[in-house]
Each structure stands twice: as C-alpha cells, then as structure tokens.
Amino acid sequence: MDNLLLVNASMRGSASIGLRLADEMVTCIRHQHPHLQVTLRDLAATPLAPLSAGYATALTAFVAPHDPVFASSEALISELEGCDLLLIATPMHNFTVPAALKLWIDHVLRIHRTFIAGPEGKVGLLKDRPVYLIVSSGGYHRGARARQPDFLSAYLRHVLGTLGLQNVHFVYLEGMAVSDQARLASVTQARLELARQRWFGQLGES
Ligand SMILES: Cc1cc2nc3c(=O)[nH]c(=O)nc-3n(C[C@H](O)[C@H](O)[C@H](O)COP(=O)(O)O)c2cc1C
C-alpha cells in the first residue's frame, strides 16, 4: 500500500463527522504502511470547475485524451489511477450524492477513457482496488428506523463498478442530526464494523 486517495464531499471541513472517521482510517493504514502517500481531493474546499460546453462536445466526439479540454478530467483520473485505496467521505444530500461529488463523477467517469460502451453494456477500464465509502446522513435510510429512500448507495456502487472498481465497502453514519446519543451510537457502530476488517483493527479500541 503506497498511495491513498481521499475524496471529501462534505463542506463542513473539520466539523464533518464523516471526514473525521476517514482521517482515523487513514491513521490506521499509515500505522501499518508508514510510507503511505495520501492525496486529499477536497471537493468542497477546492471546488471543481463546472463542466464546459467544450467538454460536453468533446466527450461524444472522439477527441484525444491529451486535448486541453480534458485537462481537469485527466488530472482527477490520474489521481484515481495512482491510488491503491480510494476513500470517499460523503454526506447524503436529498437522498443522493452532493452536487460536488456528482461533478467529480462527471469528470472521472469518461467514455473511451475510464470505461467503454459495447453490446454488453459499459465496461470499466480501471484496475480494481479497495474502495471505502463513508456515508453520513442526518436521518436513517436503513432498517426499521428508515423514513427516506437511499438513492446514493446503489448509484455510487454502479458508478464505481462502471469504472472497474468492484471491491466496494460502505460505512454508514446515520442519524447524525437526530441527537448526540444517536450520533455516538452510529459512530461507535461504524468503528466496530470497520475494526473487523483488514487495516482498521485499532478503531475497535477507541
Ligand atoms: C443540502 C443538504 C441536503 C441533505 N439531505 C439529507 C437527506 O436527504 N437525508 C439525510 O438523512 N440527511 C440529509 N442532510 C443532512 C446531512 O446528510 C448530514 O448532516 C450529514 O451528517 C453531514 O455530513 P458531514 O458531518 O460529513 O458533513 C442534508 C444536508 C444538506 C446540507
């Protein structure tokens, strides 16, 4: 494990519970891989430029990947290609991904570059690697307490699969806006679940 890419989609910076858990996960991995290089792609602190008309046209016109119109997309794809592990910390926004994360997806999920479309459907071109998604939500979307649909999980799994990333793990922080007690219970549960997995045993000790 040499390179980790952390994509953050919360605009709450250090107040983000999801980003804090992601930082703890990075610390765990670094403990075992002291030379780990971490790239932070903070979609809130450094917003991506909106997609341009040129990009939209080039995407369907077989323009060469090194064309300047793809510069931002290429930079983001390079970060993805260069990582051994991808960590995405994202809140749920209106039952799905925040706009900032959707924009990142529109930059990295690019036909003829990170996937091809054939008679069997879309096939990812990236080599598989572990992906951890920390999904925080104000309310609940799983189990008996669910009062809302979750359009985020299946969507992100499908997007990542289309890139070629199948080794995907979801970590849910639900009920973040319910009460301090609910927040603590959710974070404790997430830590315990992670602690059962490779790299994150330490999280069960705190
Ligand atoms: C624009 C917006 C939309 C939101 N939509 C939802 C939602 O659909 N369901 C939900 O449970 N929480 C929703 N929330 C609450 C956030 O998901 C919640 O506060 C989350 O814990 C924030 O994560 P963070 O601490 O990592 O920033 C929304 C928050 C914002 C700002």
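Nothing here was measured: the structure is a model prediction, and the numbers come from that model.

## Some thoughts on the UniProt feature "domain: Flavodoxin-like fold" (unreviewed entry) in the protein
Alright, step 1. In this numbering, the UniProt entry assigns the feature "domain: Flavodoxin-like fold" (unreviewed entry) to residues 3-194.
Alright, step 2. As annotated, residues 3-194 comprises 36% helix and 20% strand, and the C-alpha atoms at either end are separated by 20 Å.

## Structural notes on the UniProt feature "binding site: FMN" (unreviewed entry) in the protein
Alright, step 1. UniProt records the feature "binding site: FMN" (unreviewed entry) for Ser10, Ser136, Ser137, Gly138 and Gly139 in the present numbering.
Alright, step 2. Summarising the element assignment, Ser10 is placed in the loop between strand 1 (3-8) and helix 1 (17-32).
Alright, step 3. A residue is classified by how much of its surface remains accessible, and Ser10, at 6% relative accessible area, is buried.
Alright, step 4. Once residues lying within four places of it in the same chain are set aside, the contact partners of Ser10 are Ser16, Asp42, Ala44, Ala89 and Pro91.
Alright, step 5. As for its position among the elements, Gly139 is in the loop between strand 6 (131-136) and helix 5 (153-163).

## Some points on the packing of aromatic side chains
Alright, step 1. Tallied over the entire structure, the rule returns four aromatic pairs.
Alright, step 2. Ring geometry for Tyr132 against Phe200: centres 5.2 Å apart, planes inclined by 85°, an arrangement best described as edge-to-face. With Tyr132 in strand 6 and Phe200 in the segment after helix 6 (180-195), this residue pair connects regions lying 68 residues apart in the sequence. The residues Tyr132 and Phe200 share a single accessibility class, namely buried.
Alright, step 3. Look at Trp199 and Phe200: their rings are 6.1 Å apart centre to centre, the planes differ by 65°, and that puts the pair in the edge-to-face class. Just as Trp199 is buried, Phe200 falls in that class too.
Alright, step 4. Through a chain of ring-to-ring contacts, three or more aromatic side chains come together here, namely Tyr132, Trp199 and Phe200.
Alright, step 5. Above the plane of the ring of Phe70 lies Arg110, whose end atom (NZ or CZ) is 3.8 Å from the centre.

The rules behind each value
Residues numbered from 1 in each chain as written. Predicted model: local features only at pLDDT ≥ 70, side-chain atom pairs only at ≥ 80, totals over all residues. Heavy atoms only, no water. UniProt positions renumbered as here; feature names shortened; annotations may be inferred. Helix = DSSP H or I, 4+ residues; strand = E, 2+ residues; numbered from the N terminus. Buried < 20%, exposed > 50% of the residue type's maximum accessible area, 1.4 Å probe, protein only. Contact = heavy atoms within 4.5 Å. Phe/Tyr/Trp six-rings, centres within 6.5 Å; stacked < 30°, edge-to-face > 60°. Lys NZ or Arg CZ within 6 Å of the ring centre and 35° of its normal.

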